[in-house]
Amino acid sequence: MIDMRSDTVTTPSRAMRQAMARAKVGDDVYGEDPTVRELEEETAARLGKASALFLPSGTMANQAAVLAHTRPGDELWAHEASHVVDGEQGGVAVLAGVQLRTFQARRGELTVGKLSPWLRDPTDVHNTRPRLLWLENTIARTGGVVLPERTAGLAHFAHRHGLMVHIDGSRLWNASVASGYSESELAAPADSLSVCFSKGLGAPVGSALAGDEQFVARARRARKLLGGGMRQAGVIAAAALYAMRHNVDRLEDDHLRARRVAEVLAELPWCRLNPSDVETNMVFANVVGRRSRAIAAQLASLGVACDVVNSGTLRFVTHLDIGSPDLERVLLALRAVR
Ligand SMILES: *Cc1c(COP(=O)(O)O)cnc(C)c1O
């Protein structure tokens, strides 16, 4: 089976496993794991931030970031399809006591014009405190869209009105490769951000948060609260380091392959999509007649797994375990569907 459901299905390569086996370790709850420290320092430097923190998952990174930035009753502003809004069981309400203010926007791209009507008079006792503007790059649920260049304008607006800015950068590496901006250029407008090592980069586990020293100290406390204090985590940090050093530039291949999938899909009668909407490694295909489950079943019988987003949408994701021969088989299977 060629598995295109997600870029999380990759398995660690032999070289990555060797790096894991060789890792120097210590107890990271005491701050004594040299490989975790090396990963945190290298991640912070790469993102142009003072400090970074290794966490077991992107969800924990998001929840720790919210805990680090907010007090109960604060408001978090985000696009309605953001992972923090739509993929974490309402964790910000459960764990941080934070209220969400969600926004609609085509392809997830927020604008100052959408946000500004919700600025409130802080002297009016009815009003919540807008505290955190939450952006995603790439924007996952709308198809791996690269956050547009207006991020700096959004951040400037937020800062002027007392909101901090966080970027959920689970696929920031994809955004960097696709846009030509370095990770630190993409991170610069934000006070804090996350990155993920276990999606496009192919590590088995791990995310990181980055920001200034005070933010990271608060996030470290929140990580412990959430049960994310880890002991000899150098074993997994070594995989993340390997992934960050070796698997970023090759994301370009994933993007080219996703574009080919989109071009073939666009020619098929059962599918509607615009290939130029595909900016990175995810292809969202609108299925004519809401037959997505039936089409996915046919594809499975032809050896290709994809994700059924809903009755009218399928998702195909390219990743480092899908090479050129796999891609040709996928394209044949797509053309064979009736
Ligand atoms: C996958 C994802 C997460 C959550 O990461 P996990 O490691 O699955 O917990 C958060 N945000 C975005 C944008 C994601 O794509």
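Above this text is the structure in question.
Parameters at a glance
Residues numbered from 1 in each chain as written. Predicted model: local features only at pLDDT ≥ 70, side-chain atom pairs only at ≥ 80, totals over all residues. Heavy atoms only, no water. Core = buried A, V, L, I, M, F, W, Y, C linked by side-chain atoms within 4.5 Å. Buried < 20%, exposed > 50% of the residue type's maximum accessible area, 1.4 Å probe, protein only. Contact = heavy atoms within 4.5 Å. Pairing = 2+ DSSP bridges. Helix = DSSP H or I, 4+ residues; strand = E, 2+ residues; numbered from the N terminus. Axes fitted to C-alpha atoms, helices over the stretch in contact; angles between N-to-C directions. Salt bridge = Lys/Arg side-chain N within 4 Å of Asp/Glu carboxyl O. Near = heavy atom within 4 Å. Polar contact = N/O pair within 3.5 Å; in protein donor to acceptor, adjacent residues only side chain to side chain. Areas by Shrake-Rupley, 256 points an atom, 1.4 Å probe, with all protein chains shown as cover. 1 Å grid on protein atoms, 1.4 Å probe; cavity = no way out; pocket = protein on both sides within 12 Å on 5 of 7 lines; lining within 4 Å. Sits in = over half its atoms within 2 Å of the grid points. Nonpolar A, V, L, I, M, F, W, Y, C, P; charged D, E, K, R; others polar.

Right, let's get into the nonpolar core. Core analysis: the biggest nonpolar cluster contains 53 residues, and Phe54, Leu133 and Phe197 have the highest contact counts within it. Among residues more than four places away in sequence, those in contact with Leu133 are Trp77, Leu110, Leu115, Leu154, Ala158, Leu163, Met164, Val165 and His166. Among the nonpolar cores identified, the runner-up in size contains 29 residues, and Trp270, Leu273, Val283 and Leu314 belong to it.

Below, the discussion takes up the sheet that holds strand β9 (residues 271–272). If you trace the four strands from one edge of the open sheet to the other, you get β9-β10-β13-β12, paired in antiparallel fashion. Where the open sheet ends on each side, the last strands, each with one partner, are β9 and β12 (307–310). Of the pairings in the sheet, the one linking strand β10 (residues 282–287) to strand β13 (residues 313–317) comprises five bridges and is antiparallel in character. Opposite Met282, over in β13, you have Val317 as the bridge partner. Along the sheet face, helix α13 (residues 292–301) touches β10, β12 and β13 and points at about 35° away from the line of β13.

Looking now at the pattern of salt bridges. Taken as a whole and assessed by the stated rule, the structure comprises 16 salt bridges. Among the salt bridges present, the one from Arg171 reaches Asp7, with a minimum N-O distance of 2.8 Å. Linking Arg171 in the loop between β6 (164–169) and α8 (172–179) with Asp7 in the loop between β1 (2–3) and α1 (14–22), this pair joins segments that are 164 residues apart in sequence. Residue Arg171 is classed as buried on the basis of its relative accessible area, which comes to 6%. Among the charged side chains, a network of salt bridges with common partners joins Arg107, Glu109, Asp277 and Glu279.

The omega angle of the peptide bond from Asn137 to Thr138 is 0°, so this bond is cis rather than trans. Of note, the phi angle at Arg107 is positive, near 60°, even though the residue is not glycine. Along the chain, the position of Arg107 falls in the loop between β4 (99–103) and α6 (112–115). In this structure Arg107 comes out as buried when scored by relative accessible area, which is 16%. With a phi close to 50°, Arg290 is a non-glycine residue in the positive phi region. On the secondary structure map, Arg290 appears in the loop between β10 and α13. What makes Arg290 exposed here is its relative accessible area of 58%.

Another point: the site of the ligand. Within the structure, the ligand sits among Ser57, Gly58, Thr59, Asn62, His83, Glu136, Ala140, Asp168, Ser170, Arg171 and Lys199. Note that an oxygen atom of the ligand is positioned 3.0 Å from one of the side-chain N or O atoms of Arg171. When the ligand is considered free in solution it has 380 Å² of accessible area, and contact with the protein chains removes 82% of it. Of the pockets mapped on this structure, the ligand occupies the largest pocket. Examining the composition of the shell around the ligand, we find that three residues originate from one element, helix α3 (residues 58–69), more than from any other. Split by residue class, the shell around the ligand holds one nonpolar, six polar and four charged.

This next bit is on the side chain of Ser170. Residue placement: Ser170 occurs in the loop between β6 and α8. You can call Ser170 buried: its relative accessible area is 14%. A distance of 2.9 Å separates the side chain of Ser170 from the side chain of Asp168, its partner in a polar contact.

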